[in-house]
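Take a look at the letters that make up each chain.
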Amino acid sequence: NGHYTNFKAYRIIWKKTFMISEKNISYISLISLLLIAIFAEYFNEPYLITLLSRIIIFSIAAIGLNLVLGFGNLISFGHAAFFGLGGYISGILAIHAFNSELLISWPFLFSGSNNSLIIWLFTILFCSLLALLLGALCLRTSGVYFIMITLAFAQMLYYFAISWPSYGGEDGFSIYVRSTLFGINTMQGLNFFLICFFWLLIILFTIKRVVKSPFGLALRATRFNLTRVKSVGINPFKIQLIAFVLSGAITGIAGSLYVDLNRFVSPSLLSWQMSGEFIVFILIGGLGRIYGPLIGAAFFVTFEQFFGSYTEHWQIFLGIIIISTVLFAKGGIIGFILEYRKNE
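Being a predicted model, the structure only gives us computed values, none of them experimental.

*Asks:* I tried to follow the pattern of salt bridges on my own but got confused; where do I start?
*Replies:* It is possible for side chains bearing opposite charge to pair when their charged atoms get close. Following the criterion strictly, the structure yields 1 salt bridge and no others. Of the charged contacts, one joins Glu-304 and Arg-54 as a salt bridge, the two residues approaching to 3.3 Å between their closest N and O atoms. Residue Glu-304 is located in helix α12 (residues 292-308), and its partner Arg-54 is located in helix α3 (residues 46-69); the two are separated by 250 residues in the primary sequence.

Written as structure tokens, this is what we have:
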């Protein structure tokens, strides 16, 4: 009996010490990404580092969408507009700088730039302005009307990009070098990965603070009853608009990094399929969870690489997983793991 009692006590201590929580899952995921990248660099596997950078960039884009979708219940099918705009800003500034072509002549002469800080500043500014404009119009609707109007605006930008011959039209255009940052060789895979990883940490920290702030509580309250939110003196339109602008800026940064990674810009960045992928990342990882998009993006990219190497129809299996998630694991991967550990 004494041995059994001691075993039971040790088991309780073990479970409490290594308790699975969303916070622990996030730490494990971030550390794993970093360690895999370091080992990939050591063993000279540049493709794997590129894959990890892609996971992080998609995570950032989905985190931006998750702010309004997961916490504000605003189902936006047009976030590819911000992703694509961030990509085009990055590409246009870089290609003008490379060719030494004048981009604007008034109120000052500007020939583009391949400086990452300038590119990110322009990306945040223009994506925030676009989000402010779209949010001011779209947030006056709700439900399926909100979904359709965000989709419509994104498709407008998509067809505009196709009919823009100055920057490749439907074919897009290539960028020959990556942007620079404090003299760092960004063409080296690990260096660029660390830049993306740093952005991911900043955005996760920002979203965590926003969600747990009084603003975040008000945003989550708008999911359930707008009338009650108004009754306590809070303007739900203002709350949702601020969240929409922040969401657009974050997704725009992801688009800028994505173009810098691939050194290619095309209208596909603005397509509704890209918005759909962001939603899939969120659903798979966990809707309304801060680290859900990270887990979802990692799962999606890994799944695509593994099954895509065996069959062109890997989306069929992905569809089965999405349906199963919606039916049996509404909390996504994170929710499923937490529920399993609770019932263990």
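*Asks:* Quick question: what am I supposed to make of the environment of Phe-173 here?
*Replies:* If you trace the backbone, Phe-173 turns up in strand β1 (residues 173-174). By relative accessible area, Phe-173 is classed as buried at 10%. Sequence spacing of Phe-173 and Gly-70 is 103 residues, and the spatial spacing of their C-alpha atoms is 34 Å. Here Phe-173 is in contact with Tyr-88, Gly-91, Ile-92, Ile-95, Tyr-167, Phe-264 and Val-265, once residues within four sequence places are set aside.

*Asks:* Is there a simple way to think about a nonpolar patch on the surface in this case?
*Replies:* Side chains of Tyr-27, Ile-31, Leu-35, Ile-38, Phe-39, Tyr-42 and Phe-43 sit close together on the surface and give an oily, nonpolar patch of about 800 Å² of accessible area. Structurally, Phe-39 is set in helix α2 (residues 22-42).

*Asks:* Which parts of the structure should I look at to understand helix α11 (residues 272-285)?
*Replies:* An α-helical segment advances 3.6 residues per turn. Residues three or four places apart therefore align on the same side. When the terminal C-alpha atoms of α11 are compared, their 20 Å separation across 14 residues agrees well with the 20 Å that a helix rising 1.5 Å per residue should span. Most of α11 is tucked away, with 10 of its 14 residues classed as buried. Listed as buried for α11 are Met-274, Ser-275, Gly-276, Phe-278, Ile-279, Val-280, Phe-281, Ile-282, Ile-284 and Gly-285. Just downstream of α11 lies Gly-286, where phi reads positive at about 145°.

*Asks:* Whenever I open this one, the side chain of Gln-240 confuses me. Can you help?
*Replies:* Tracing the chain through its elements places Gln-240 in helix α10 (residues 236-262). Setting aside anything within four residues of it in sequence, one finds Gln-240 in contact with Leu-74, Leu-139, Thr-222 and Leu-226.

*Asks:* Any chance you could explain α3 here in plain terms?
*Replies:* In a regular helix each residue adds 1.5 Å, so 24 residues correspond to 34 Å; α3 covers 34 Å between its end C-alpha atoms and thus fits that length. Buried residues dominate α3, accounting for 20 of its 24 residues.

*Asks:* Just to check I follow, could you spell out the state of the cysteines for this structure?
*Replies:* Covalent bonding between the sulfur atoms of two cysteines defines a disulfide. Taken as a whole and judged by the stated rule, the model has 0 disulfides. Of all cysteine sulfurs, the one in Cys-138 lies closest to Cys-127, which takes part in no disulfide; the gap is 15 Å. Just so you know, Cys-196 is unpaired, no disulfide at all, and the nearest cysteine sulfur is the one on Cys-127, 16 Å from it.

*Asks:* Please clarify how unusual backbone geometry should be interpreted in this entry.
*Replies:* Note on backbone geometry: most residues besides glycine have negative phi, and most peptide bonds are trans. Of note, Asn-73 is a non-glycine position whose phi angle comes to about 55°, a positive value. Residue Asn-73 is classed as partly exposed on the basis of its relative accessible area, which comes to 43%. Even without a glycine there, the phi angle at Arg-263 is positive, about 55°. Looking at where Arg-263 falls in the secondary structure, it is placed in the loop between α10 and β2 (264-265).

Rules behind the numbers
- Residues numbered from 1 in each chain as written.
- Predicted model: local features only at pLDDT ≥ 70, side-chain atom pairs only at ≥ 80, totals over all residues.
- Heavy atoms only, no water.
- Salt bridge = Lys/Arg side-chain N within 4 Å of Asp/Glu carboxyl O.
- Helix = DSSP H or I, 4+ residues; strand = E, 2+ residues; numbered from the N terminus.
- Buried < 20%, exposed > 50% of the residue type's maximum accessible area, 1.4 Å probe, protein only.
- Contact = heavy atoms within 4.5 Å.
- Patch = residues over 30% accessible without salt bridge, like charges linked within 9 Å, V, L, I, M, F, W, Y side chains within 5 Å.
- Areas by Shrake-Rupley, 256 points an atom, 1.4 Å probe, with all protein chains shown as cover.
- Expected span 1.5 Å × (residues − 1).
- Disulfide = S-S within 2.5 Å.

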